[in-house]
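Residues per chain are reported as follows:
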Amino acid sequence: MKKIISVAIMLALTAGLLVGCGTTTGTSGKSKVTIGIGQFAEHGSLDNCKNGFLEGLKQEGYVEGENLEVKFENAQADGAIAGQIANNFVANKVDLICAIATPMAQSAFGAAKNTDIPVIFTAVTDPVLAELAKADGTPNGNVTGTSDKLPVERQLEMIRAILPEAKTIGIMYSTSEVNSVSAIEEYKAAAPAYGFEIVESGISTTADIPLAADNLLEKVDCINNLTDNTVVSSLPLILDKAAEKNIPVFGSEVEQVKIGCLATVGLDYYDLGIQTGKMAAQVLKGEKKASEINFEVIEEASFYGNTKVAENLGITLPEDLVKGAKEMFQTISE
Amino acid sequence: MLFTIGIGVLEEGLLYAIMALGVYITYKILDFPDLSVDGTFPLGGAVTAVLIVAGVNPLLTLIISFLIGAVAGILTGLIHVKLKVRDLLSGIIMMTALYSINLRIAGKANVAIFSKETIFDNEIIRNYIPEAYQPFMTLTILLIITVIMKLLLDLYLKTKSGYLLRAVGDNATLVTSLAKDKGFVKIVGLAIANAFVALAGCIYTQKSGFFEISTGTGAIVIGLASVIIGTNIFKRVSLVKATTAVIVGSIVYKACVATAIALGMEASDLKLITAILFLGILVISNERKRRVKAND
């Protein structure tokens, strides 16, 4: 019996290698480009990045299924798997790698370093700190993309406009996410100018969130979210707890407002994705090399509000904000 | 394509083999399921990233992370031996503590060293190695380090201290009857094991170009799988040293994962594949019967 199982496993492995080989040689014909999209974690903002990216490519004439083949992999927030995904794309000799979020971008950059495969990243808050770009914004190799740096000042300005009396803003973040840590620093530096004090609460896993939320909600007038992957994944829980205490939660991105944050001056990750897709198209068409394009930041953050949430909290959103809003939501989507 | 995948499998296999050698010491020799590995692997990486950013010679970081890994192993050992905490729990405690310690050491969850010199990417390699050979440099360096570490471990296991180490796992009473402190021997074993693991973390960080706090997750599973696969493949071949078997096991394990990906499995399914592979190997081996009996 044992022998049979061993033989079966051996056969399966050998077959696997052969099959793997066969399928990929078939698709490497040059009429079609093959790109690998690696996404670090699974949540609304990053999913939007990916969808926007495909839309951006489409607008430039690369349509999935026609002249574009997409290999999509999600690392589910596991660093080792992100590395494996990147290596796999490189081994399959894709024409371009799109990497969503910092650890994925770094894995892809590292894996593709000694090849001619360009890497286009998105949702990397600080490409310079991540060493994907040099201090002057020029690429640190065959790599470029878009940054999702938060418009900190404008967010604080908006919170002040909505809550004239508030003194403290609570921010929850995971200590394991470098982008969040640097965003916290920025909020802390900017807050006094708007008369706020930042109360931070660091967590290490999703399991810490309920207690951290309870603790934080005791101490603050409102909560402000970052684009922290761990916290955003558990946002519904935080929103529930905050609603019980009638404390407003501000988002950092449109998806968060949809599911129950009061408002945000944030990026639209879909737009960010489109912008990234267009950069990728430029590279695929051979107009420019990734190493010749500086990374880009979306300048225009827009206001998004949720009137249903405002009603629940008994807050009236200032009229001029609502007038200038890119989109207002009337319901809380689950 | 197969060629690139092959190189990738060998690189990853050799890299994790260094860690697997450490796991071999605890799991096979000491019979100690040491979960602190999930913390010591990124510990080596954190130390390395910080030192390299500070301008320390990358070769020197190999030695420093090895030593710091040993310190972590000693702590796990002290928790177990001196505070009388069960082996599994000692590892879990150390692993949990190391998460915060690693963040403290690195200062943040992600430290990039792309622009710095590493053992894989430096001026000597760029200037003195012919271009045609450049793609094989990483593999060559990994092979050299892995073989050196294996030989050192083989040598150590032949020393008096090495014999005692092996005796503790097999028959602790014997060690006591020789008037030796078995607790001390265990601590020595854990120190060496975790030193190997931290060294692997150091090399991993230099190879990938950045330290990331989440890379340690599941390291122990990869290590255990490598040890079990390796020792089972060569179970009936007495000529092959266990340390060699572990290295082969690590490469076979990575080959299986690469095959799974090539077969179109999603990366998010990898943990399940690992689990199934693991179970398969355990079922084939006699080991299972022995352990189940021992539990009765």
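Residues numbered from 1 in each chain as written. Chains lettered and ligands numbered in written order. Predicted model: local features only at pLDDT ≥ 70, side-chain atom pairs only at ≥ 80, totals over all residues. Heavy atoms only, no water.

For chain B, the name recorded in an unreviewed UniProt entry is ABC transporter permease, with Variimorphobacter saccharofermentans as its organism.

Identification of chain A as ABC transporter substrate-binding protein from Variimorphobacter saccharofermentans is taken from an unreviewed UniProt entry.

**Some remarks on the UniProt feature "transmembrane region" (unreviewed entry) in chain B**
Here, the residues flagged by UniProt with the feature "transmembrane region" (unreviewed entry) are residues 6–27, 62–81, 88–107, 136–157, 187–207, 213–234, 246–264 and 270–286 of chain B. The span residues 187–207 of chain B carries 100% helix and 0% strand; its end-to-end C-alpha distance comes to 30 Å. (UniProt positions renumbered as here; feature names shortened; annotations may be inferred. Helix = DSSP H or I, 4+ residues; strand = E, 2+ residues; numbered from the N terminus.)

**Regarding the nonpolar core**
By size, the foremost hydrophobic cluster in this structure holds 122 residues, and its most contacted members are Ile35(A), Phe53(A), Leu57(A), Leu132(A), Met19(B) and Ile203(B). Not counting the four nearest positions on each side in its chain, Ile203(B) is found in contact with Leu15(B), Ile18(B), Leu62(B), Phe120(B), Leu142(B) and Ile145(B). Formed by 35 residues, the second largest nonpolar core is a distinct cluster that contains Met158(A), Ala191(A), Leu226(A) and Ala310(A). (Core = buried A, V, L, I, M, F, W, Y, C linked by side-chain atoms within 4.5 Å. Buried < 20%, exposed > 50% of the residue type's maximum accessible area, 1.4 Å probe, protein only. Contact = heavy atoms within 4.5 Å.)

**With respect to the pattern of salt bridges**
Scanning all chains against the criterion turns up 16 salt bridges over all chains. We note a salt bridge from Lys149(A) to Glu186(A), for which the minimum N-O separation is 3.0 Å. Of this pair, Lys149(A) sits in the loop between strand E5 (143–147) and helix H5 (152–162) while Glu186(A) sits in helix H6 (residues 178–190), and the two are 37 residues apart along the sequence. Classification of Lys149(A) as partly exposed rests on a relative accessible area of 38%. Assessed through its relative accessible area of 33%, Glu186(A) is described here as partly exposed. When the shortest N-O distance is used, the salt bridge between Arg126(B) and Glu117(B) registers 3.2 Å. Taken together, the shared-partner salt bridges connect Lys113(A), Glu117(B), Asp121(B) and Arg126(B) into one network. (Salt bridge = Lys/Arg side-chain N within 4 Å of Asp/Glu carboxyl O.)

**Regarding the sheet that holds strand E9 (residues 249–250) of chain A**
All names here are of chain A. Reading across from one edge, E7-E6-E8-E9 is the order of the 4 strands in this open sheet, with parallel pairing throughout. Only two strands of the sheet have a single neighbouring strand rather than two, namely strand E7 (197–203) and E9. In this sheet, strand E8 (residues 222–224) lies alongside strand E6 (residues 168–174) in parallel orientation, the contact comprising 2 bridges. The residue bridging Ile169 from the neighbouring strand is Cys222, located in E8. H6 contacts E6, E7 and E8 of the sheet and is inclined by roughly 165° relative to E6. (Pairing = 2+ DSSP bridges. Axes fitted to C-alpha atoms, helices over the stretch in contact; angles between N-to-C directions.)

**A word on a nonpolar patch on the surface**
Together, Val71(B), Ile74(B), Leu75(B) and Leu78(B) make up an exposed nonpolar region whose accessible area comes to about 290 Å². Along the chain, the position of Leu78(B) falls in helix H3 (residues 58–81). (Patch = residues over 30% accessible without salt bridge, like charges linked within 9 Å, V, L, I, M, F, W, Y side chains within 5 Å. Areas by Shrake-Rupley, 256 points an atom, 1.4 Å probe, with all protein chains shown as cover.)

**Describing the pairing of strand E4 (residues 119–122) of chain A**
Residue and element names in this part refer to chain A. Burial of E4 is two-sided: the residues Val119 and Phe121 facing one way and the residues Ile120 and Thr122 facing the other way are all buried. Examined bridge by bridge, strand E3 (residues 96–100) and E4 share 4 bridges and lie parallel to one another. Along E4, the bridge assignment pairs Cys98 with Ile120. With helix H4 (residues 102–112) bridging E3 and its parallel neighbour E4, the resulting β-α-β unit is right-handed. Pairing between E4 and E5: 3 bridges, direction parallel. Across the sheet, residue Ile120 finds its bridge partner in E5, namely Thr144. (Right-handed = clockwise from strand over helix to strand, strands pointing away.)

**A short note on the interface of chain A and chain B**
Across the contact, 44 residues belong to chain A and 41 residues belong to chain B. Summing the contributions of chain A and of chain B, the shared interface buries around 3500 Å²; its carbon and sulfur component is 62%. Across the chain A-chain B interface, the total number found is 2 salt bridges. Across the pair Glu131(A) and Lys116(B) runs a salt bridge, and its minimum N-O distance is 3.1 Å. Elements supplying a minimum of two residues to the side of chain A that touches chain B: helix H1 (2–27), strand E2 (68–74), helix H3 (79–91) and H4 of chain A. If you tally residues by element for the side of chain A that touches chain B, the top one is H1(A), at 11 residues. (Buried area = accessible area lost by both parts, 1.4 Å probe.)

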